[in-house]
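Read off the chains here:
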Amino acid sequence: MAFMTGKTRAGGDWVPDFVTAINKALCIGCGRCFKACPRDVLTLVEHQMTEDDEDCDSLAMVMDIVNEGDCIGCGSCSRVCPKNCYSHAPLPV
Ligand code: SF4
Ligand code: SF4
């Protein structure tokens, strides 16, 4: 399968790893990914905790994907996330 591929400055291939999901049950709302994202893809939202979450029966602020189409697949969000909330995938073409 072929994936969307860009070029590095030196002319090498670069396959963007686009954000696909955030596991809200793991997110602690620390905001590190928000600060790291260069494309304003992310924002904090209210999340009603469930029995699947560590701290259920309350509202929490967690990160969500609100501007998926502007993601450049840099992976910065995942690298700074302390809870491994992120899923990424290259884009099939
Ligand atoms: S992969 Fe890069 S551009 Fe996409 S959401 Fe993460 S930090 Fe933002
Ligand atoms: S870095 Fe991870 S834990 Fe922190 S707000 Fe972002 S997704 Fe949530």
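Higher on the page you've got the structure.
Residue numbering note: each chain is counted from 1, following its sequence as written. Here chains are named by letter from A upward and ligands by number from 1 upward, in the order in which they appear as written. Only residues with pLDDT of at least 70 are given local features in this predicted model, and only at 80 or more are side-chain atom pairs given and counted; all residues enter the totals for whole chains, interfaces and linings. Excluded from the side-chain calculations are hydrogens and water; all other atoms, namely the structure's heavy atoms, are used.

Caption draft 1: Up close: the overall build of the chain. In DSSP terms, a helix is any run of H or I states spanning at least four residues, a strand is any run of E spanning at least two, and both are numbered starting from the N terminus. Regarding its fold elements, the chain presents two helices and six strands. If you list the helices and strands of the chain from N to C, you get β-β-β-α-β-β-α-β. For the chain, the spread of C-alpha atoms along the three principal axes comes to 50 × 25 × 20 Å. Partly exposed describes any residue whose relative accessible area lies between the buried limit of under 20% and the exposed limit of over 50%, with all areas from a 1.4 Å probe on protein chains only and scaled to the type maximum. Counting the 93 residues in the chain, one finds 26% classified as buried. Taking contacts inside the chain between residues at least 6 apart in sequence as the whole, the part at least 24 apart equals 60%. Taken as a whole, the chain presents about 6100 Å² of accessible surface, with 51% of it coming from carbon and sulfur. Pairs of residues are marked as contacts when any of their non-hydrogen atoms sit within 4.5 Å. Only the protein chains shown count as cover for residues, and all accessible areas are computed by the Shrake-Rupley method using a 1.4 Å probe.

Caption draft 2: Quick look at the pattern of salt bridges. The salt bridge criterion pairs a side-chain nitrogen of Lys or Arg with a carboxyl oxygen of Asp or Glu, the two atoms within 4 Å. One pass over the full model with this rule turns up three salt bridges. Measuring nitrogen to oxygen at the nearest pair gives 2.7 Å for the salt bridge that ties Asp13 to Lys7. For Asp13, a relative accessible area of 57% puts it in the exposed group.

Caption draft 3: Expanded view of the site of ligand 2. In the region of ligand 2, the neighbouring residues are Cys27, Ile28, Gly29, Cys30, Gly31, Arg32, Cys33, Met63, Cys81, Pro82, Cys85 and Tyr86. Classification used: nonpolar for Ala, Val, Leu, Ile, Met, Phe, Trp, Tyr, Cys and Pro, charged for Asp, Glu, Lys and Arg, polar for all others including Gly. When the residues that make up the shell around ligand 2 are grouped by side-chain class, the tally is nine nonpolar, two polar and one charged. Here a residue counts as near a molecule or strand whenever at least one of its heavy atoms sits within 4 Å of it.

Caption draft 4: Examining the nonpolar core more closely. For this analysis, a nonpolar core means a set of buried residues of the types Ala, Val, Leu, Ile, Met, Phe, Trp, Tyr and Cys, connected via side-chain atoms within 4.5 Å. Counting residues in hydrophobic clusters, the biggest one holds 16 residues, and the most contacted among them are Ile22, Val41, Leu42, Met63 and Tyr86. Listed by contribution, the elements that provide at least two residues to this core are strand S3 (18–22) and strand S5 (59–65). Contacts of Met63, omitting those with residues within four sequence positions, involve Ile22, Lys24, Cys27, Gly31, Cys33, Phe34, Leu42, Thr43, Leu44 and Tyr86.

Caption draft 5: Fine view of the site of ligand 1. In the neighbourhood of ligand 1, 13 residues make up the surrounding shell, with Cys37, Cys71, Cys74, Gly75 and Cys77 lying closest. Classifying every residue of the shell around ligand 1 by side-chain character gives eight nonpolar, four polar and one charged.

Caption draft 6: A look at a nonpolar patch on the surface. A cluster of nonpolar residues, Met1, Phe3 and Val15, forms a patch on the protein surface that exposes about 320 Å² of accessible area. Position of Phe3 relative to the elements: it lies in the segment before strand S1 (6–7). With relative accessibility at 31%, the residue Phe3 sits in the partly exposed group. Exposure above 30% relative accessible area and the absence of a salt bridge qualify a residue for a patch, where like charges join within 9 Å and nonpolar side chains (Val, Leu, Ile, Met, Phe, Trp, Tyr) within 5 Å.

Any functional reading would require information beyond the geometric quantities listed.
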